[in-house]
Amino acid sequence: MSATRYLPFVGRLLIGLPFAMSGLGKLAAYGATTGMISAAGLPVPPLAFAVAVAVELGGGLLLIAGYHTRLVAGVLAAFTLAAAISFHNNFADQNQMINFLKNVMMAGGLLQIVAFGAGALSVDNRRSAAGLHSSSAAAA
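Here is what the cut-offs are and how they apply
- Residues numbered from 1 in each chain as written.
- Predicted model: local features only at pLDDT ≥ 70, side-chain atom pairs only at ≥ 80, totals over all residues.
- Heavy atoms only, no water.
- Helix = DSSP H or I, 4+ residues; strand = E, 2+ residues; numbered from the N terminus.
- pLDDT = per-residue confidence, 0-100.
- Contact = heavy atoms within 4.5 Å.
- Buried < 20%, exposed > 50% of the residue type's maximum accessible area, 1.4 Å probe, protein only.
- Salt bridge = Lys/Arg side-chain N within 4 Å of Asp/Glu carboxyl O.
- Phe/Tyr/Trp six-rings, centres within 6.5 Å; stacked < 30°, edge-to-face > 60°.
- Lys NZ or Arg CZ within 6 Å of the ring centre and 35° of its normal.
- Core = buried A, V, L, I, M, F, W, Y, C linked by side-chain atoms within 4.5 Å.
- Expected span 1.5 Å × (residues − 1).
- Polar contact = N/O pair within 3.5 Å; in protein donor to acceptor, adjacent residues only side chain to side chain.

Visitor: Lay out unusual backbone geometry in plain terms, naming residues and giving numbers.
Guide: Although it is not a glycine, Val44 adopts a positive phi angle of roughly 50°. One non-glycine residue, His68, adopts positive backbone phi at about 50°. As for its placement among the helices and strands, His68 is situated in the loop between α3 (45–65) and α4 (69–87).

Visitor: Please set out the confidence of the model for the protein residue by residue, giving values where relevant.
Guide: Looking at the protein as a whole, its pLDDT mean stands at 92, while 93% of the residues score no less than 70. By mean pLDDT, the top-scoring element of the protein is α3 (98), and the lowest-scoring one is helix α6 (residues 123–139) (70). Scored below 50 in pLDDT, residues 134–140 shows zero contacts in the model against residues more than four places distant or in partner chains.

Visitor: Give me the lowdown on the side chain of Thr34, citing residues and values where you can.
Guide: Along the chain, the position of Thr34 falls in helix α2 (residues 30–39). Using a relative accessible area of 12% as the deciding quantity, one classes Thr34 as buried. Not counting chain neighbours up to four residues away, the residues in contact with Thr34 comprise Pro45, Pro46 and Phe49.

Visitor: Residues and numbers for the pattern of salt bridges, please.
Guide: Within this structure, the stated rule accounts for one salt bridge. Here Lys26 ties to Glu56 by a salt bridge, and the two come within 3.1 Å at their closest N and O atoms. One end of the pair, Lys26, is in helix α1 (residues 7–27); the other, Glu56, is in helix α3, with 30 residues separating them in the sequence. Across the pair, Glu56 and Lys26 agree in class, each one buried.

Visitor: How would you explain the environment of Ile15 if you had to name every residue and give the values?
Guide: As for its placement among the helices and strands, Ile15 is situated in helix α1. Residues Ile15 and Ala107, spaced 92 residues apart in sequence, show a C-alpha to C-alpha distance of 9.8 Å.

Visitor: Please give an account of the packing of aromatic side chains that cites residues and values.
Guide: Applying the stated criterion across every chain, the model contains two aromatic pairs. A cation over an aromatic ring shows up here: Arg5 above the ring of Tyr6, its NZ or CZ 5.7 Å from the ring centre.

Visitor: Give me the lowdown on the nonpolar core, citing residues and values where you can.
Guide: Counting 12 residues, the largest nonpolar core consists of Phe19, Ala52, Val55, Leu63, Val72, Ala73, Leu76, Ala77, Phe79, Ala107, Leu110 and Ile113. Mapped by element, the contributors of at least two residues to this core are α3, α4 and α5 (94–116). The residues contacting Ala52, other than those within four sequence positions of it, are Lys26, Leu57 and Phe79.

Visitor: Kindly report on the environment of Ala48, identifying the contributing residues and their values.
Guide: Mapped onto the secondary structure, Ala48 falls in helix α3. Spatially, the C-alpha atom of Ala48 lies 9.4 Å from that of Ser38, the residues being 10 residues apart in sequence. Contact partners of Ala48, with chain neighbours within four places excluded, come to Ile37 and Pro43.

Visitor: Just give me the short version of α5, but keep the residues and values in it.
Guide: Taking 1.5 Å of rise per residue, the 23 residues of α5 would be expected to cover 33 Å, and the 33 Å separating its terminal C-alpha atoms lies within 8% of that figure. Along α5, the positions that sit buried rather than exposed are Gln96, Phe100, Asn103, Ala107, Leu110 and Ile113. Those residues of α5 hidden inside the fold are in contact with α1, α3 and α4. You can read the cap of α5 off the contacts: a side-chain oxygen lies 3.0 Å from the backbone nitrogen of Asn95, and it is on Asp93. Downstream of α5 by a residue or two, Gly117 has a phi angle that is positive, lying close to 85°.

Here's what the structure looks like:
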């Protein structure tokens, strides 16, 4: 068994954990988060807050587990690009430029997950292996 079979899980963990932590942080700071959303000019800050927490916390945990990984990674990539455009668009500010590029890089990593899937250590892999065994048993 090759050690590289663990790399997709490590990659999902390294990308999913910051999303989950960010979602938890938002959950603990409703007022500050909705204020920041409002300051960015997004409509209906409470709804945007709920979507952000669901996508970040839920998506981060699902990505780590490897459950519906390609779909989750695609949603997280779109969310990350939308956040970059909405919140990190002042390129005259070096920190905003760095955060914008960080989001673009994260979206790139997420698109790699969309392209190549969850890997061996994932719920998706267990489900497909279980499906293959049950369908081959039914055929026999």
